[in-house]
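In case you want the letters, here they are:
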Number of protein chains: 2
Amino acid sequence: MPFVRIAPIFGSVMVVFAFTMSVPWLVAQSLDDGTTSLWAVSAVLSAAAGAFVWCFGRRRVGPEPDLQSRDGVLLVVLAWTVLPALAALPLWLFYRQHGGHLGWVGAYFETVSAMTTTGATVLTGLDALPASVNLWRALLQWLGGMGILVLAVAVLPMLGVGGQLFRAESTGPIKDMRLTPRIAGTAKGLWSVYAGLSLACVLAYRWGGMSWLDAWIHMFTTMSLGGMSSHDASFAYFASPRLEWIATLFMLLASGSFALYFAALVKRSPGRIWRDLEWRGTMSLMLGSVLLVAWLLWQRAVVPDPVEALRLAAFNVVSVASTTGYASTDYLQWPVFAPIWMLMLSGMATSAGSTGAGIKMIRLLILLKLAHRELARIVHPRVVNPVTLGGRALDASVVYSVLAFMLVYGGTVAVLTLVLLLTDLPFDTALSAVVACVNNLGPGLGEVGPAGNFAGLTEPQLAVCTLAMVMGRLEMLSLLVVLTPGYWRK
Amino acid sequence: MPFVRIAPIFGSVMVVFAFTMSVPWLVAQSLDDGTTSLWAVSAVLSAAAGAFVWCFGRRRVGPEPDLQSRDGVLLVVLAWTVLPALAALPLWLFYRQHGGHLGWVGAYFETVSAMTTTGATVLTGLDALPASVNLWRALLQWLGGMGILVLAVAVLPMLGVGGQLFRAESTGPIKDMRLTPRIAGTAKGLWSVYAGLSLACVLAYRWGGMSWLDAWIHMFTTMSLGGMSSHDASFAYFASPRLEWIATLFMLLASGSFALYFAALVKRSPGRIWRDLEWRGTMSLMLGSVLLVAWLLWQRAVVPDPVEALRLAAFNVVSVASTTGYASTDYLQWPVFAPIWMLMLSGMATSAGSTGAGIKMIRLLILLKLAHRELARIVHPRVVNPVTLGGRALDASVVYSVLAFMLVYGGTVAVLTLVLLLTDLPFDTALSAVVACVNNLGPGLGEVGPAGNFAGLTEPQLAVCTLAMVMGRLEMLSLLVVLTPGYWRK
Ligand SMILES: [K+]
Ligand SMILES: [K+]
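Residues numbered from 1 in each chain as written. Chains lettered and ligands numbered in written order. Predicted model: local features only at pLDDT ≥ 70, side-chain atom pairs only at ≥ 80, totals over all residues. Heavy atoms only, no water.

### A closer look at the overall build of chain A
When helices and strands are counted, chain A shows 20 helices and two strands. Here the C-alpha atoms of chain A give a radius of gyration of 22 Å, agreeing with the 23 Å that 2.2 N^0.38 yields for 490 residues. By principal-axis analysis of the C-alpha atoms, chain A measures approximately 70 × 65 × 55 Å. Per-residue burial for chain A yields a buried fraction of 62% across its 490 residues. Sequence separation of at least 24 residues holds for 72% of the intrachain contacts in chain A that already meet a minimum separation of 6. In the form shown here, chain A has an accessible surface area of approximately 18,300 Å², with 67% of it arising from carbon and sulfur atoms. (Helix = DSSP H or I, 4+ residues; strand = E, 2+ residues; numbered from the N terminus. Rg over C-alpha atoms; globule rule 2.2 N^0.38 Å. Buried < 20%, exposed > 50% of the residue type's maximum accessible area, 1.4 Å probe, protein only. Contact = heavy atoms within 4.5 Å. Areas by Shrake-Rupley, 256 points an atom, 1.4 Å probe, with all protein chains shown as cover.)

What follows is the structure, given as structure tokens:
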């Protein structure tokens, strides 16, 4: 049974996760915001549950079972479904104590949204929440971001789902490779880059004028491209162009591949970043879109001042395209092209190996090459050119896996939208909610737009969105695989 | 030059097409509706243009040039872009004479819409139009339908675009195969089935209570899945359940493959139809959706009477799913799931070899098989099963071409929607207009829904929709190929 085999490692993950609750606990204690006992109870319960799972597994399979790639899939699915349940405990307890309206479904939605770095929220009155609660939501995003980095380079490649796109060494037969040392090795390098950039970000925010608390909270949700804020007004609260430009810069950086940054660091060659095809694609697409939207705002006289148009476009376009989802204005009031294009960008603009989600730039580049090749093939049927990327011919299986991903992506969006429509949600709200959740973006259109949130949705609707967020984060296939009967046989 | 090589054959097509204008000409004369001269002028001008092209080509390449598959592509593109321009001449003249508002772009939109069997209209006051004009629009749809049948089995297979999906004999090296005899051979069989069913349809409509004129007009637009009507109220004008059931039956029949019907006829084996996987897929999807929508209407008390709910659902769902686009009620007032699901069906429910458009059932079946295989492959990476359909393993190139089609289909819808959004059309109108045009369906959502039409769109917007209709009809790739520089080299 895969469940038993991964129990020791998943139990330890749960215990470690319980320890992260000490951060809001300490903050609650030092600020005396009245939530200290919540964190204590939640941390102890989570640690106890983790310890139980660990003991249970250890007794049956020993301390170091040989994990296979199949087990990795389950581990990942559990990480993004069980840990949010633990994380939701303090939230749920808080609202129970203070007579709020947050049920289990809402609390679970909120923490799944945080840990998948989606950033969609069902909470209102964020400014009035205790600092520890806002910090916890933000910390969950940052922790989710850490998990994603490992997910992308260490686990998904085994599924042939995207990872092999940017790491040639992870293709090939992987059935017998042991899981744990592999994860540990890659994780260390990526996390050091993540931590380094995070530190730079928190200092920049503090320099830009945020309080230390806000700086930490917004660093957590910037670096993870999560987009949650401690203010209902999001970045509009600060009304600070300087902070917006700092955020734009770090969102751009975090949209690139951390594996690429690490490689450039190890080889002491920053030029490596600039020469990377995907990085250039990500940056060109984002900056081109910023200019286009700024021009549109200025040309339609929505924002008469060109400099202000550029600033508004830069912050909001990069925010949505990078799947962060901060807003400094209600961009649904812009010409209709802008928000729809931004929503589409959120599925395409980030790099594989970043904390973004959706189709990702590398797949987009392969698809464009492929479309070009297909047309050439029809005109000259006898000439068969391989699809190349950066001068290197792509393996047919890679091209094929990209097409399969697109298929599953499109199918997932269509099916989940139809389910939401059955609950009578309007079409643009339903479609955009699913796209915003699958791309781990956050804000959609209409009711779930940048000026609204997900609080108005019913519990069944929230459940569908929760599923969409997890599916998007696990690149669809991981979750679907675990749901096939074949996975559980032998 | 491909242009020169196909000039003789395309010139003759133009002359033959000019002759079809004699039908409205005769009707105008016998009903004395005041449009006789229009038809005479248009027919003579068109025939003269055709004769000129024929002479021009014949002088350079002789009477029977050897046409290659590449020439077939251009022939098809010209047929669906130049013939509508000829067909638009009488319409444009009519509105010029009678002081209407129809410009060239609108008139061309209308005839492209007719000949691609889309059925979207920019005309209002259909009931007040001369019989000959309404007959001409309907006849264009029927002629377009004849063209599509040939297109699907004789031309597109050469591009590797869908045709080989259902005719194994048309795969393989085709570069040296001569085009004309091939088309003539397949055309005859398909057209006899088309004509036979058309005759049955016109008699059924007459029996159901239509005037002979209405029976002919609506037969033309039913059999071609075109959906134009001589009444602004479409089928609601007749207020006749009997006529609605007749239309439903013939729309269902016309959603199947005419090649299949012909094969069943030749082999005297009606069971062949029932055993055909695609036919069963088409019928199950349509009937399943009818039941689902009927249940929804009844359960939400939109239509309290279950029998009436079934009738309304049957007619409108089959109409939209089959890409016909008649309406007997404003189904946008139904629960939001219904119209969106119907719009999606229009891309999936018809068979290849029918007069429908979009992704088509055969591709949907292959995609479903593929998705299933992919999941199995991830769970058991070493077991590689081929994708089978009806017990037969599918060639990898077929699977690949289906995926490429989906890619181009999705890309086309996305890009054209974005262009429409730049003209400030609302999102649901823009997206649904493109989907309704690419699927050659007709009605979309919002302003272009079943209760509205395309009259409110600006000329640039109409131009985008016109492009969408032609791209959809030619399965995207044919048109894109002709636009690549490589096509014109050598
Ligand atoms: K986000
Ligand atoms: K139609």
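The rest of the description comes next.
### Here's the deal with helix α1 (residues 2-20) of chain B
Turn by turn, an α-helix covers 3.6 residues, leaving residues three or four places apart pointing in a common direction. Residues and elements named next belong to chain B. Along its 19 residues, α1 runs 27 Å from first to last C-alpha, staying within 8% of the 27 Å computed at 1.5 Å per residue. By the largest-angle criterion, Pro8 marks the main kink of α1, which is about 50°. Where α1 is concerned, the buried positions are Pro2, Val4, Ile6, Ala7, Pro8, Phe10, Gly11, Met14, Phe17, Ala18 and Thr20. (Expected span 1.5 Å × (residues − 1). Bend = angle between axes of the 7 residues up to and from the residue.)

### Describing the coordination of the potassium ion (ligand 2)
Residue and element names in this part refer to chain B. For the potassium ion (ligand 2), the full set of protein donor atoms is Thr117 (O), Thr118 (O), Leu225 (O), Gly226 (O), Thr323 (O), Thr324 (O), Asn440 (O) and Leu441 (O), and the range of their distances to it is 2.3 to 2.9 Å. Here the donor residues for the potassium ion (ligand 2) map to a single chain with the spacing T-T-x106-L-G-x96-T-T-x115-N-L. Of this pair, Gly226 sits in the loop between α8 (212-223) and α9 (241-254) while Thr323 sits in the loop between α13 (306-321) and α14 (337-345), and the two are 97 residues apart along the sequence. The pair formed by Gly226 and Thr323 is uniform in burial state, with each residue classed as buried. (Donors = N, O, S within 2.8 Å, 3.2 Å for Na, K, Ca; no water.)

### Quick look at the coordination of the potassium ion (ligand 1)
Residues and elements named next belong to chain A. Within the first shell, the potassium ion (ligand 1) binds the protein through Thr117 (O), Thr118 (O), Leu225 (O), Gly226 (O), Thr323 (O), Thr324 (O), Asn440 (O) and Leu441 (O), at distances of 2.3 to 2.9 Å. On the primary sequence, the residues serving as donors to the potassium ion (ligand 1) are separated as T-T-x106-L-G-x96-T-T-x115-N-L. On the criterion of sequence distance, the pair formed by Thr117 in the loop between α5 (104-115) and α6 (131-155) and Gly226 in the loop between α8 (212-223) and α9 (241-254) is long-range, its members being 109 residues apart. For the residue pair Thr117 and Gly226, the accessibility class agrees, reading buried in each case.

### Let's talk about a nonpolar patch on the surface
Residue and element names in this part refer to chain A. Together, Leu199, Leu203, Trp212 and Trp216 make up a nonpolar patch on the protein surface, roughly 420 Å² of accessible area in all. Elements that contribute at least two residues to the nonpolar patch include exactly α7 (179-208) and α8. With respect to the helices and strands, the residue Trp212 is situated in helix α8. Assessed through its relative accessible area of 44%, Trp212 is described here as partly exposed. (Patch = residues over 30% accessible without salt bridge, like charges linked within 9 Å, V, L, I, M, F, W, Y side chains within 5 Å. Salt bridge = Lys/Arg side-chain N within 4 Å of Asp/Glu carboxyl O.)

### Section: the interface of chain A and chain B
Across the boundary between the two partners, chain A contributes 44 residues, which contact 44 residues of chain B. Asp424 of chain A serves as the salt-bridge partner of Arg300 of chain B, at 2.5 Å between the closest nitrogen and oxygen. Where chain A touches chain B, the interface holds four residue pairs in polar contact (both at pLDDT 80 or more). Of all the elements in the fold, those that place two or more residues in the side of chain A that touches chain B are α14 (337-345), α15 (361-379), α16 (396-422), α17 (427-438), α19 (477-482) and α20 (485-488) of chain A. No other element matches α16 of chain A, which puts nine residues into the side of chain A that touches chain B. (Polar contact = N/O pair within 3.5 Å; in protein donor to acceptor, adjacent residues only side chain to side chain.)

### Observations regarding the packing of aromatic side chains
Residue and element names in this part refer to chain A. Evaluation of the coordinates by the stated rule reveals 40 aromatic pairs over all chains. Here the aromatic rings of Trp92 and Trp104 are separated by 5.6 Å at their centres, their planes lie at 25°, and the arrangement is stacked. You can see Trp92 sitting in helix α4 (residues 69-97) and its partner Trp104 sitting in helix α5, a full twelve residues away along the chain. Aromatic side chains Tyr194 and Phe258 sit 5.6 Å apart centroid to centroid with 80° between the ring planes, which places their arrangement in the edge-to-face category. (Phe/Tyr/Trp six-rings, centres within 6.5 Å; stacked < 30°, edge-to-face > 60°.)

### Description of the UniProt feature "binding site: K(+)" (unreviewed entry) in chain A
Residues and elements named next belong to chain A. Under the present numbering, the feature "binding site: K(+)" (unreviewed entry) in UniProt falls on Thr117, Thr118, Leu225, Gly226, Thr323, Thr324, Asn440 and Leu441. With the annotated positions falling across 325 residues, the maximum pairwise C-alpha distance of 8.9 Å places them together in a single cluster. On the basis of relative accessibility, which here comes to 0%, the residue Gly226 falls in the buried class. In this view, Gly226 contacts Thr117, Thr118, Gly119, Gln141, Thr221, Thr324 and Leu441; residues no more than four positions away in its chain are not counted. (UniProt positions renumbered as here; feature names shortened; annotations may be inferred.)

### Observations concerning the environment of Trp279 of chain A
Residues and elements named next belong to chain A. Assignment of secondary structure puts Trp279 in helix α12 (residues 277-299). Owing to a relative accessible area of 15%, Trp279 belongs among the buried residues under this scheme. If we ignore the near neighbours within four places in the chain, the residues touching Trp279 are Gly256, Leu260, Tyr261, Ile273, Trp274 and Ser351.

### Brief notes about the relation of the copies chain A and chain B
Of the transformation superimposing chain A on chain B, the axial component is 0.0 Å and the angular component is 180°, with the fit at an RMSD of 0.0 Å. Put plainly, the chains are arranged around a two-fold axis. Mapped onto chain B, 100% of the interface residues of chain A are again interface residues, and the two copies thus contact each other with one and the same surface. (Least-squares fit on C-alpha atoms with pLDDT ≥ 70 in both.)

### Focus: the pattern of salt bridges
In this structure the tally under the stated criterion is twelve salt bridges over all chains. Because the salt bridges share partners, they merge into one network encompassing Glu244, Glu308 and Arg311 of chain A.

### Considerations on the nonpolar core
Note on soluble globular proteins: their nonpolar side chains tend to be buried together. Phe454 of chain A together with Phe454 of chain B are the most contacted members of the largest nonpolar core, which has 341 residues in total. Considering every element that reaches this core, the biggest residue donor is α4 of chain A, with 17 residues. Residues within four places of Phe454 of chain B in sequence aside, it is in contact with Phe109, Ala120, Thr121, Val122, Ala433, Cys437, Gly442, Val448, Leu462 and Cys465 of chain B. (Core = buried A, V, L, I, M, F, W, Y, C linked by side-chain atoms within 4.5 Å.)

### What about unusual backbone geometry?
For Thr117 of chain A, which is not glycine, the phi torsion reads 60° and is therefore positive. For Ala239 of chain B, which is not glycine, the phi dihedral falls at a positive 45°. Considering the arrangement of structural elements, one finds Ala239 of chain B in the loop between α8 and α9. For Ala239 of chain B, a relative accessible area of 63% corresponds to the exposed category.

### Description of the environment of Leu474 of chain B
Residues and elements named next belong to chain B. As for its position among the elements, Leu474 is in the loop between α18 (459-473) and α19 (477-482). Note on Leu474: relative accessible area 0%, which makes it buried. Counting along the chain gives 394 residues from Leu474 to Trp80, while the straight-line C-alpha distance between them is 8.4 Å.

### Re the side chain of Ser351 of chain B
All names here are of chain B. Relative to the helices and strands, Ser351 resides in the loop between α14 and α15 (361-379). Taking relative accessible area as the criterion, Ser351 reaches 1% and is therefore assigned buried. Those residues in contact with Ser351 that lie beyond four places of it in its chain are Ser255, Gly256, Ser257, Glu278, Thr282 and Lys360.

### Considerations on the side chain of Ser113 of chain B
Residue and element names in this part refer to chain B. The topology assignment puts Ser113 in helix α5 (residues 104-115). With a relative accessible area of 0%, Ser113 lands in the buried category. A distance of 2.5 Å separates the side chain of Ser113 from the backbone oxygen of Ala120, its partner in a polar contact. Those residues within four positions of Ser113 in sequence are excluded, and the remaining contacts are Thr118, Gly119, Ala120, Gln141, Met228 and Met469.

### Quick look at the packing of α16 of chain A against helix α18 (residues 459-473) of chain A
All names here are of chain A. Contact geometry for α16 and α18: axes closest at 10 Å, N-to-C directions at 170°. Classified by the angle between their axes, α16 and α18 sit roughly antiparallel to one another. For the pair α16 and α18, the contacting residues are Thr412, Leu416, Val419 and Leu420 in the first and Gln461, Val464, Cys465, Leu467, Ala468 and Met471 in the second. For the contact of α16 with α18, the per-class residue count stands at eight nonpolar, two polar and no charged. (Axes fitted to C-alpha atoms, helices over the stretch in contact; angles between N-to-C directions. Parallel < 35°, antiparallel > 145°, perpendicular 65-115°, else oblique. Nonpolar A, V, L, I, M, F, W, Y, C, P; charged D, E, K, R; others polar.)

### Points about the confidence of the model for chain A
Residues and elements named next belong to chain A. Confidence along chain A averages 86 in pLDDT terms, with 90% of residues attaining 70 or more. When the criterion is pLDDT under 50, residues 161-177 qualifies, and its contacts beyond four places in sequence or with other chains add up to 41 contacts. Here the predicted complex scores 0.91 on pTM and 0.89 on ipTM. (pLDDT = per-residue confidence, 0-100.)

### Points about the packing of α9 of chain B against α13 of chain B
In a pair of packed helices, the angle between the axes and the distance between the axes together describe the arrangement. All names here are of chain B. Contact geometry for α9 and α13: axes closest at 9 Å, N-to-C directions at 40°. The angle between α9 and α13 falls in the class oblique. Relative to α13, α9 is oriented so that their crossing is left-handed. Note on element contacts: α13 touches α9 through Leu310, Arg311, Ala314, Phe315, Val318 and Ser319, opposite Pro241, Glu244, Trp245, Ala247, Thr248, Met251 and Leu252. Of the residues belonging to the contact of α9 with α13, the class tally is nine nonpolar, two polar and two charged. (Left-handed = near helix turned anticlockwise from the far one by under 90°.)

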